[in-house]
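The primary structure of each chain is shown beneath.
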Amino acid sequence: MASSSSSLAVVTGGAGFIGSHTVDALLAAGYRVCVLDDFRTGKRANLAQHAGSDRLDIVMCDVSHGIFAALAPITAKHGPVERIVHLAAQVSVVASVANPLVDMQVNYGGTLHVLEYARAHAVKKVAFASSAAVYGDVTEMPVREDLPTRPVSPYGIHKLASELALDYYGSVHGVATTALRFFNVYGPRQDPTSPYSGVISIFADRARAGRTLTIFGDGQQTRDFVYVGDVVRALVAAVGDGNDRLVANVGTGSEITVLELARTVVELCGKGSTIEHAPTRGGEILKSRARVDLLRDRLGVVAQTKLVDGLRATLA
Ligand SMILES: NC(=O)c1ccc[n+]([C@@H]2O[C@H](COP(=O)([O-])OP(=O)(O)OC[C@H]3O[C@@H](n4cnc5c(N)ncnc54)[C@H](O)[C@@H]3O)[C@@H](O)[C@H]2O)c1
């Protein structure tokens, strides 16, 4: 990706788990970066490693209405926004079932605001964090991008609606976009304190303390767990030039059961945690494994971090 100190990249949700790793990578690639975040789940501490950097601005902003005003002083100082990585979202499937209107406002409304900004200011490229939740409960594995999309939660519906909006802004307004459908992302800085956090961060947190791990259901549900470093490589490729209107899965192409995951985490921690089962939660996908041909062939990214290595980095 071409970059220079004069190129401004915006990362919405840049104080979050995936966002802060994305900021690390864009700064390392030579970009000036502006983070837009309302800190509902993100933390300033995730960006503390860049304290004092003159190439990073952090602006408190709700992407579902405040983008234009938040970016005006930044662009007045540093020139136009060249690229946007749009990660800001209400991230909980369970919360989206409880509060679908809030989910729509943040997850669909936020994407529309980003696209309106991109259209109005001729932004060169928008990369969007979609989700495997757009597929719903598919039975065909691996999950291909051209399978029917039948989301089973408001979260999945609004990620899919956002993808459709990206396509619309591409065809009608010429906004260049790439959407990435993340499978289950894990790694350092994932917040374990929310009951809706990624299962690995919760398991890791409890197993480190020798506490019981709770599995919702029988644990035979499978997930394609992809390390955050691999996801960031995909985002950096996606926000570069080319691959306009591509929609690509981001996963490893393999799946493990949640029960197997729990046992591995318990073993790596060595604190003898027990595993218990609780009733299944609504809106959850049963099986999940990505086809990753587009990720490899179009974006040149192979998720290469082995689960056990990624787990060690997360536990450290
Ligand atoms: N972690 C995963 O496994 C996974 C899987 C699929 C998709 N995704 C998507 O990846 C993106 C990043 O998720 P994450 O796992 O890093 O979660 P996260 O909660 O750590 O990051 C989300 C960030 O968005 C910010 N945010 C939320 N609403 C906002 C708003 N209205 N305005 C401005 N900022 C707002 C939060 O404060 C936070 O910093 C999200 O779009 C999420 O839906 C994540």
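Preceding this paragraph is the structure being described.
Counting of residues starts from 1 at the beginning of each chain's written sequence and follows it residue by residue. Local features are withheld for residues below a pLDDT of 70 in this predicted model, meaning they are given only at 70 or higher, and side-chain atom pairs are given and counted only at 80 or more; totals for whole chains, interfaces and linings count all residues.

What follows is about the overall build of the protein chain. For the protein chain, the count of helices and strands is 10 helices and 13 strands. Throughout, the radius of gyration refers to the C-alpha atoms, and the reference size of a globule is 2.2 Å times the residue count to the power 0.38. In terms of C-alpha radius of gyration, the protein chain reaches 19 Å, essentially the compact-globule figure of 20 Å for 316 residues. Projected onto the principal axes, the alpha-carbon positions of the protein chain cover approximately 55 × 45 × 35 Å. A sequence separation of at least 24 residues applies to 79% of the contacts in the protein chain between residues at least 6 apart. Working definition: helices are DSSP H or I runs of at least four residues, strands are E runs of at least two. Numbering for both runs from the N terminus. Any pair of residues counts as being in contact when their C-beta atoms, constructed from backbone geometry, are within 7 Å of one another.

Turning next to the sheet that holds strand E2 (residues 32–37). One open sheet accounts for 7 strands, arranged E3-E2-E1-E4-E5-E6-E11; its pairing is parallel. Both edges of this open sheet fall to strand E3 (56–60) and strand E11 (246–250), since each of them pairs with a single strand only. For this sheet, the mean inter-axis angle between neighbouring strands, taken without regard to orientation, is 20°. In this scheme, strands are said to pair when DSSP sees at least two bridges between them. Summarising the sheet, strand E4 (residues 81–86) and strand E5 (residues 125–131) pair through 4 bridges and their orientation is parallel. Of the residues in E5, the one forming a bridge with Arg83 is Lys125. Only C-alpha atoms enter the line fits that serve as axes; for helices the fit covers just the stretch in contact. Angles between N-to-C directions range over 0 to 180 degrees. Sheet contacts for helix H5 (residues 154–173): E5, strand E6 (177–182) and E11; angle to E5, the most-contacted strand, approximately 155°. Those strands touched by helix H7 (residues 228–238) are E4, E5, E6 and E11, and its axis lies near 165° from that of E6.

Looking now at the pairing of E6. Counting other C-beta atoms within 10 Å of its own, a residue is labelled buried from 20 upward, exposed at 12 or fewer, and partly exposed in the gap between, with every C-beta atom placed from the backbone. Along E6, 6 of the 6 residues are buried, which leaves the element largely enclosed by surrounding structure. Because side chains alternate across E6, one face comprises the buried residues Thr177, Ala179 and Arg181, and the other comprises Thr178, Leu180 and Phe182, equally buried. Of the strand pairs in this sheet, E5 and E6 are connected by 6 bridges, and their pairing is parallel. Paired with Ser131 across the bridge in E6 is Phe182. Both E6 and E11 contribute to a ladder of 5 bridges, which runs parallel. Residue pairing in the sheet places Thr178 in a bridge with Leu246 of E11.

The next point concerns the site of the ligand. Neighbouring residues of the ligand: 31 residues in total, closest Gly13, Gly16, Thr41, Gly42 and Ala89. For the shell around the ligand, the elements supplying multiple residues, two or more each, are helix H1 (17–28), E2, helix H4 (100–120), E5 and strand E7 (184–186). For the shell around the ligand, the class distribution of residues is 15 nonpolar, 12 polar and 4 charged. Placing the C-beta atom from the backbone, one calls a residue near a molecule or strand if that atom lies within 6 Å of it. Following the grouping adopted for this structure description, the nonpolar residues are Ala, Val, Leu, Ile, Met, Phe, Trp, Tyr, Cys and Pro, the charged ones are Asp, Glu, Lys and Arg, and the polar ones are all others, Gly among them.

Among the structural elements, Tyr186 can be located in strand E7. For the pair Tyr186 and Ile200, spaced 14 residues apart in sequence, the C-alpha separation works out to 6.4 Å. Apart from residues lying up to four places away in sequence, Tyr186 is in contact with Gly198, Ile200, Ser201, Phe225, Tyr227, Val228, Gly310 and Thr314.

In terms of residue burial, E4 counts as a mostly covered element, since 6 of its 6 residues are buried. In terms of strand pairing, strand E1 (residues 8–12) meets E4 through 5 bridges, oriented parallel. Bridge pairing in E4 links Val10 to Ile84.

To form a nonpolar core, buried Ala, Val, Leu, Ile, Met, Phe, Trp, Tyr and Cys residues must be joined through C-beta atoms within 7 Å. Ranked by internal contacts, the top residues of the largest apolar core, which has 94 residues, are Leu180, Phe203, Val231, Ala234 and Leu235. Residues within four places of Leu235 in sequence aside, it is in contact with Thr22, Val85, Ala127 and Leu180.

Our focus in this paragraph is H4. Multiplying one less than the number of residues by 1.5 Å gives the expected span of a helix. Given a rise of 1.5 Å per residue, 21 residues ought to cover 30 Å, and the 29 Å separating the end C-alpha atoms of H4 matches this to within 8%. The principal kink in H4, of about 30°, is found at Gly109. Directly after H4, the chain includes Ala122, whose backbone phi takes a positive value near 50°. A residue's bend is given by the angle between axes fitted to the 7 residues ending at it and the 7 residues starting at it.

This paragraph deals with helix H2 (residues 67–78). Between the first and last C-alpha of H2 there are 16 Å, a value that for 12 residues agrees with the 16 Å anticipated at 1.5 Å per step. Restricting attention to buried positions, one finds in H2 the residues Ile67, Ala70 and Leu71. Seen end-on, H2 carries its buried residues on one side only, within an arc spanning 80°. Turned more than 90 degrees away from the buried face of H2 sit Ala69, Ala72, Pro73, Ala76 and Lys77, all of them exposed. It is the directions from the helix axis to the C-beta atoms whose arc is reported.

It is at 11 Å that the axes of helix H8 (residues 258–269) and helix H10 (residues 307–315) come closest, and there the two elements cross at 55°. The orientation of H8 with respect to H10, classified from their angle, is oblique. The two elements H8 and H10 cross, and the hand of that crossing is right-handed. On the side of H8, the interface is formed by Thr264, Val265, Leu268 and Cys269, while H10 contributes Val308, Leu311, Arg312 and Leu315. In this scheme, roughly parallel covers angles under 35 degrees and roughly antiparallel covers those over 145, while 65 to 115 is roughly perpendicular and the rest are oblique. Should the near helix be turned counterclockwise from the far one by less than a right angle, the crossing is left-handed, whereas a clockwise turn marks it as right-handed.

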